[in-house]
Amino acid sequence: MKQLILIVEDEHDIVKMLEYNLQKEGYRTASVSNGSQAVEAATRDHPDLILLDLMLPGMDGFEVCKELRRHSKTAAIPIIMLTAKSQEADKIVGLELGADDYVTKPFSLRELLARIKAVLRRSKRQGQLPEVMRISDLEVDFSKIQVSVKNKAVELTSKEFELLKALIKANGRVLSREHLLDVVWGVDHAVEIQTRTVDVHVTTLRKKLRSAADHIVTVKNYGYRFDHEG
Ligand code: CA
């Protein structure tokens with residue numbers, strides 16, 4: 001089955017050009033021209049990748065990105081942001097909010113296609129975790145459900161383990177508290193008191209991970225990500 005790419009772009013000429021070239025490369029395409037349609041289409045069609053224009057009428061690309069990452073159905077869909085802005089600050093905000101990559105307009109088609117391939121490859125890999133993962137001082141055995149730091153075993157509760165696993169699996173991507181509540185606790189509609197549950201568990205998880213605690217990075221007012229370099 002051909003992979004589906006959702007194009008979110010309000011400039012008709014760019015949409016036509018992308019559709020033509022992506023289909024020629026063997027992808028299926030769908031396209032929408034504003035943010036709320038993008039969220040709707042992503043939730044309904046679950047595309048393999050989203051090309052998301054930053055400057056959209058109404059809800060902009062950053063808001064769309066945030067919204068998609070907030071819900072478990074769309075949280076894992078890879079996103080490449082398209083934008084006319086090349087400022088470093090925008091790039092950082094985009095990546096913090098969970099975009100996987102960034103292409104500045106005017107982009108070369110060859111470069112865009114290469115990025116699409118790379119992001120799709122990466123997202124395919126993310127699906128499967130190795131049995132044992134070593135990240136500097138931290139060692140996580142996913143099959144035995146064991147964690148150690150500097151070769152000393154760390155006793156984690158099952159929720160703490162699931163939390164750590166979800167963060168590692170996201171491969172550096174920021175996960176919102178709502179998303180973590182959903183995947184770790186199975187709570188779909190988050191309320192304030194519940195999102196705080198995530199914070200409390202992250203705090204105890206960090207304490208237990210001692211020297212490896214810095215891998216878990218707080219993204220203010222949003223959630224957490226796992227830093228593999230940390
Ligand atoms: Ca635009």
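Refer to the preceding data block for the structure.
These remarks concern the structure in this document. (Residues numbered from 1 in each chain as written. Predicted model: local features only at pLDDT ≥ 70, side-chain atom pairs only at ≥ 80, totals over all residues. Heavy atoms only, no water.)

Some points on the overall build of the protein
Inclusion rule: Helix and strand assignments come from DSSP, with helices taken as H or I runs of at least 4 residues and strands as E runs of at least 2, each series counted from the N terminus. Buried, partly exposed and exposed residues are distinguished by accessible area as a fraction of the type maximum, computed with a 1.4 Å probe on protein chains only: under 20%, between the cut-offs, and over 50%, respectively. In this description, contact between two residues means that some pair of their heavy atoms is separated by no more than 4.5 Å. All accessible-area figures derive from a Shrake-Rupley calculation using a 1.4 Å probe, and residue coverage is judged against the displayed protein chains alone.
The number of helices and strands found in the protein is eight helices and twelve strands. Burial status across the protein gives 46% buried among its 230 residues. Looking at the protein alone, contacts between residues at least 24 apart form 57% of all its contacts between residues at least 6 apart. Carbon and sulfur atoms form 49% of the exposed surface of the protein, whose accessible area is close to 12000 Å².

Let's talk about the side chain of D141
Condition: Within this scheme the basic residues Lys and Arg register as positive and the acidic residues Asp and Glu register as negative, but His and the chain ends are omitted. Here, a salt bridge means any Lys or Arg side-chain nitrogen found within 4 Å of an Asp or Glu carboxyl oxygen. Here a polar contact means two N or O atoms within 3.5 Å. Within protein one must be a hydrogen donor candidate and the other an acceptor candidate, and residues neighboring in sequence count only if both atoms are side-chain atoms.
Looking at where D141 falls in the secondary structure, it is placed in strand β7 (residues 138–141). Among buried Asp, Glu, Lys and Arg side chains, D141 stands out as unpaired, with K144 the closest opposite charge at 4.1 Å. Side chain to side chain, D141 and S143 meet in a polar contact 3.0 Å long. The residues touching D141, leaving out its near neighbours within four places in the chain, are E131, V132, Q146 and F161.

Comments concerning the sheet that holds strand β3 (residues 49–53)
Test applied: A pair of strands counts as paired when DSSP detects no fewer than two bridges linking them. Here the axes come from fitting lines to C-alpha atoms, over the contacting stretch only for helices, and the angles between their N-to-C directions go from 0 to 180 degrees.
In space, the five strands of this open sheet follow the order β2-β1-β3-β4-β5, with parallel pairing throughout. The open sheet has two edge strands, β2 (28–32) and β5 (101–104), and neither has a second partner. If you compare each strand with its neighbour and ignore which way they point, the axes differ by 20° on average. Direction of pairing for strand β1 (residues 4–8) relative to β2: parallel, over a ladder of five bridges.

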